[in-house]
Protein chains: 2
Amino acid sequence: MDMPRIAFEELWETIRSAFERAGMRPDKAAACARIHAESSLDGVNSHGLNRVERFIDYIHRRWVDVDAEAVPVQSLGALEIWDGNLGPGVLNAVRAMERATELAKRDGMAILALRNTTHWMRGGTYGWQAAEAGCMAICWTNTESCMPAWGARSECIGNNPFIVAVPRKDGHLVLDMAMSQYSYGRLQVTRLKGERLPYPGGFDAEGELTDDPAAIEATRRILPTGFWKGSGMAVMLDLVAAILSGGRTTAEVDRLGKGSCGSCCQVFMAFDPQRHHSAEYIREAVEGTVRQLHAAVPAHEGNAVRYPGERTLLTRAENLKKGIPVDKGVWEAVRGLAGLSPA
Amino acid sequence: MDMPRIAFEELWETIRSAFERAGMRPDKAAACARIHAESSLDGVNSHGLNRVERFIDYIHRRWVDVDAEAVPVQSLGALEIWDGNLGPGVLNAVRAMERATELAKRDGMAILALRNTTHWMRGGTYGWQAAEAGCMAICWTNTESCMPAWGARSECIGNNPFIVAVPRKDGHLVLDMAMSQYSYGRLQVTRLKGERLPYPGGFDAEGELTDDPAAIEATRRILPTGFWKGSGMAVMLDLVAAILSGGRTTAEVDRLGKGSCGSCCQVFMAFDPQRHHSAEYIREAVEGTVRQLHAAVPAHEGNAVRYPGERTLLTRAENLKKGIPVDKGVWEAVRGLAGLSPA
């Protein structure tokens, strides 16, 4: 596929213009566009550039209220409950993690539960954010039903991305995993390349596991990661997020029908371990773990074992230098939304 | 295989005698034996009856100090840090979750981070405990290295079980998942039956994925659940548990060499949602989710879709009625440790 490379600043600026023309206040358009551009920078176009059109469509449908902001509604000890008021999910989530890390720096730890918010795009964003603020973090979201539970043929659970971050001077550790083995974005990209998935990613029309992305797109029976395990974890993350925040479960998000993640719930936990332990102890725990991974015997000679987030850091560095690879059609469409003529 | 069924009370009493003869105080032996018996009752012999001999061996080696107890060492807001003093892991973990739920009932939520503890046996135990106390809970442990990271051939990460519990009047929801697709216990049981695993569970000597349990036992290359996902999650759970508690990472547990989970770390989070939300709201969130799962179209006609923990509840009920199936050889050995003559 022809993938032109665009500089980060140009990508950010173009998305910013598109958001502003869709009715977002300039400061909010800039902040939101930056997160989309950073996701593309990290190699996650599916929740960066490629998601701009759909987000603007949601604004036009009034599924996202561009002017609404998340506000605190209840506080009890280390737990704060916020309402996202169906504002832009990215801005709500950034604010939530910002607040959680603020509280963690004051109290050692904090949990912020956010309800009635909208799609936060790439979950990893908030892990990197917390790590940049020097905090460990765990966060996740529920979603509408987009996956069959284990043993089911029909979609009935979310893919509920789960993120864990640990700060590190020479490159943070960030895990960003959805409860499906592959995203629909990954299926599409693999199909367009005419390739198969590296491992089975769902069921075909005969109910057999398959690595053929088109067959899975046809049945919509994507596979929970680890079979029954990812399925069960999706159910539990959904319930904990909804009940902590007092918001809607996946089943209730389904009924509302406000698009992907319309009125979903999220949990943001932040920890400042330096409130409890010495910087030396923490550094050695992290570095010792990184050393242990790097010293492992690789399964395939020459392929180093990576810590979570390490590959993202490599992609980020490469894309900062060479520009961010984008789909030509998507890039032209977003330029159009920004009021620019074809490149 | 010949699996005699033993009544719960007899199983508990026999294990209790074995623990007492190994040097545990009577009240501690009874409490610890009850947890082992309950794991077997729930169908998890691998961490119930079948683990009694190894636990007693650890006592004799002084890897577990039968008289030591977990004590609080630091408290900062909602987070308490405890030291397990290498006491019996089951008793330390029960105490930790008891304290976490106490605090959650007072403050809405609490996190207890426990370091320097020993094997907690079945992680699900503490999820069921929290749910019985009316709390939602998330808990996990790190372990010694027992699995290759994704992309590695050598063991370098733990399988770090992760538990989430949500209380429910008509049967709690409890997820109990290790970061490996199958446990070594499951490989052994499958091999002894002359069967294959339902899905690939590791790599054979040629480095190919295989469902042959013996081939995986030979290479010790068990598969992380969800391939790279379970591997990454194991790394992150390890770091968060160690750093929150100020204890040892998997890499450091490895160096200590005090057996399985010797001086490991655990995190116990408990939430009392009734401090924030009405019982009606909570009930409907949970029941709506259970209804959604039960209403899903099954992949195989007649096989209902289950919520996490539902199968355990069915096994528990059956075993309470019919007795608990046990391996004959293991049962005789534990009877021997209890000072009983062969049955």
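Residues numbered from 1 in each chain as written. Chains lettered and ligands numbered in written order. Predicted model: local features only at pLDDT ≥ 70, side-chain atom pairs only at ≥ 80, totals over all residues.

A.B. asks: I keep staring at the overall build of chain A and nothing clicks. Help me out?
C.D. replies: When its secondary structure is counted, chain A shows 12 helices and 13 strands. Computed over the C-alpha atoms, the radius of gyration of chain A is 20 Å, within 12% of the 20 Å expected from 2.2 N^0.38 for a compact globule of 343 residues. Along the longest, intermediate and shortest principal axes, the C-alpha atoms of chain A span 50 × 50 × 45 Å. Counting every position in chain A, which comprises 343 residues, the buried fraction comes to 57%. Considering only contacts within chain A whose residues lie at least 6 apart along the sequence, 63% involve residues at least 24 apart. (Helix = DSSP H or I, 4+ residues; strand = E, 2+ residues; numbered from the N terminus. Rg over C-alpha atoms; globule rule 2.2 N^0.38 Å. Buried ≥ 20, exposed ≤ 12 C-beta atoms within 10 Å, placed from the backbone. Contact = placed C-beta atoms within 7 Å.)

A.B. asks: Honestly, helix H11 (residues 310-322) of chain B in this entry has me stumped. Any pointers?
C.D. replies: Quick reminder: α-helices carry 3.6 residues per turn. Residues three or four places apart thus point the same way. Between its terminal C-alpha atoms H11(B) stretches 19 Å, which fits the 18 Å expected from 13 residues at 1.5 Å a residue. Taken from the residues just after H11(B), B:Gly323 is the one with a positive phi, measuring 95°. (Expected span 1.5 Å × (residues − 1).)

A.B. asks: Looking at this model, I keep getting lost on the sheet that holds strand S4 (residues 109-117) of chain A. Mind explaining?
C.D. replies: Sheets are built from strands paired through backbone hydrogen bonds, the pairs being either parallel or antiparallel. Residue and element names in this part refer to chain A. Across the sheet, seven strands lie side by side as S2-S3-S4-S12-S5-S8-S9; this open sheet has mixed pairing. Since the sheet does not close on itself, it has two edges, and those belong to strand S2 (71-76) and strand S9 (173-177), each with one partner. Strand-to-strand twist across the sheet, computed as the mean angle between neighbouring axes with direction ignored, equals 15°. The pairing of strand S8 (residues 162-166) with S9 spans five bridges and is classified as antiparallel. By the bridge assignment, Phe 162 is partnered in S9 with Met 177. (Pairing = 2+ DSSP bridges. Axes fitted to C-alpha atoms, helices over the stretch in contact; angles between N-to-C directions.)

A.B. asks: So what exactly am I meant to see when it comes to the domain arrangement of chain A here?
C.D. replies: Reports of interface size often rely on the accessible area that becomes lost once the parts have come together. Here the domain parsing of chain A yields domain 1 (5-61 + 322-337), domain 2 (71-180 + 227-275) and domain 3 (181-223). A separation of 27 Å is found between the C-alpha centroids of domain 1 of chain A and domain 3 of chain A. (Domains from an automatic or database assignment.)

A.B. asks: Could you clarify how one ought to interpret the pairing of S9(A) in this entry?
C.D. replies: Taken residue by residue, a regular strand's side chains alternate between the two faces of the sheet. All names here are of chain A. Within S9, five of the five residues are buried, leaving the element largely enclosed by the surrounding structure. Burial along S9 is two-sided: the residues Leu 173, Leu 175 and Met 177 and Val 174 and Asp 176 are all buried. Hairpin remark: S8 followed by S9, antiparallel, with six residues in the connecting loop; positive phi at Gly 171, about 125°.

A.B. asks: For this particular structure, what's the right way to read the nonpolar core?
C.D. replies: Here is a general trend for soluble globular proteins: nonpolar side chains tend to be buried in one another's company. Judged by nonpolar contacts, the single largest core of 218 residues is most densely connected at A:Phe268, A:Ala270, B:Phe268 and B:Ala270. What A:Ala270 contacts, discounting residues up to four positions off in sequence, is A:Met97, A:Ala100, A:Thr101, A:Ala104, A:Met109, A:Ala110, A:Ala130, A:Cys135 and A:Ala137. (Core = buried A, V, L, I, M, F, W, Y, C linked by C-beta atoms within 7 Å.)

A.B. asks: Got a minute to help me understand the relation of the copies chain B and chain A in this structure?
C.D. replies: One copy of the chain maps onto the second through a rotation about an axis and a displacement along it. Least-squares fitting of chain B to chain A yields an RMSD of 0.0 Å, with the superposition described by an axial translation of 0.0 Å and a rotation of 180°. Both copies are brought into coincidence by an operation consistent with a two-fold rotation axis. Nearest to the rotation axis, the C-alpha of B:Gly226 is located 2.1 Å from it, this being the minimum over chain B. Mapped onto chain A, 100% of the interface residues of chain B are again interface residues, and the two copies thus contact each other with one and the same surface. (Least-squares fit on C-alpha atoms with pLDDT ≥ 70 in both.)

A.B. asks: How do you make sense of the pairing of S2(A) when you look at a structure like this?
C.D. replies: Residues and elements named next belong to chain A. In this sheet, strand S3 (residues 79-83) lies alongside S2 in antiparallel orientation, the contact comprising five bridges. Residue pairing across strands places Ser 75 opposite Glu 80, the latter belonging to S3. Between S2 and S3, which follow one another and run antiparallel, lie two residues, and Gly 77 among them has a positive phi close to 60°.

A.B. asks: What is the right way to look at the packing of helix H1 (residues 8-21) of chain A against helix H2 (residues 26-41) of chain A in this model?
C.D. replies: In a pair of packed helices, the angle between the axes and the distance between the axes together describe the arrangement. Residues and elements named next belong to chain A. Interaxial distance between H1 and H2 falls to 8 Å at its minimum, and their mutual angle equals 135°. Our classification of the angle between H1 and H2 gives oblique. In this structure, H1 crosses over H2, and the sense of that crossing is right-handed. Two secondary-structure elements touch here, H1 through Phe 8, Leu 11, Trp 12, Ile 15, Arg 16, Phe 19 and Glu 20 and H2 through Pro 26, Ala 29, Ala 30, Cys 32, Ala 33, Arg 34, His 36, Ala 37, Ser 40 and Leu 41. For the contact of H1 with H2, the per-class residue count stands at 12 nonpolar, two polar and three charged. (Parallel < 35°, antiparallel > 145°, perpendicular 65-115°, else oblique. Left-handed = near helix turned anticlockwise from the far one by under 90°. Nonpolar A, V, L, I, M, F, W, Y, C, P; charged D, E, K, R; others polar.)

A.B. asks: Just to check I follow, could you spell out the interface of chain B and chain A for this structure?
C.D. replies: Each side of the interface is counted separately: chain B has 67 residues, and chain A has 67 residues. When residues of the side of chain B that touches chain A are traced back to their parent elements, those giving at least two are strand S2 (71-76), strand S3 (79-83), strand S4 (109-117), strand S8 (162-166), strand S9 (173-177), helix H8 (228-245), helix H9 (250-256) and helix H10 (279-294) of chain B. With 12 residues, H8(B) is the single largest residue contributor to the side of chain B that touches chain A. Partitioning the side of chain B that touches chain A into residue classes produces 41 nonpolar, 19 polar and seven charged.

A.B. asks: What's the story with the sheet that holds S3(B) in this structure? I'm lost.
C.D. replies: Residue and element names in this part refer to chain B. Overall, mixed pairing links the seven strands, which are arranged S2-S3-S4-S12-S5-S8-S9 in an open sheet. Of all strands in the sheet, those with a lone pairing partner are S2 and S9, marking the two edges. Across the sheet, the axes of successive neighbouring strands diverge by a mean angle of 15°, strand direction being ignored. Bridging between strand S5 (residues 136-141) and strand S12 (residues 264-271) involves six bridges; their strand directions are antiparallel. From the neighbouring strand, Cys 139 faces S12, where its bridge partner is Phe 268.

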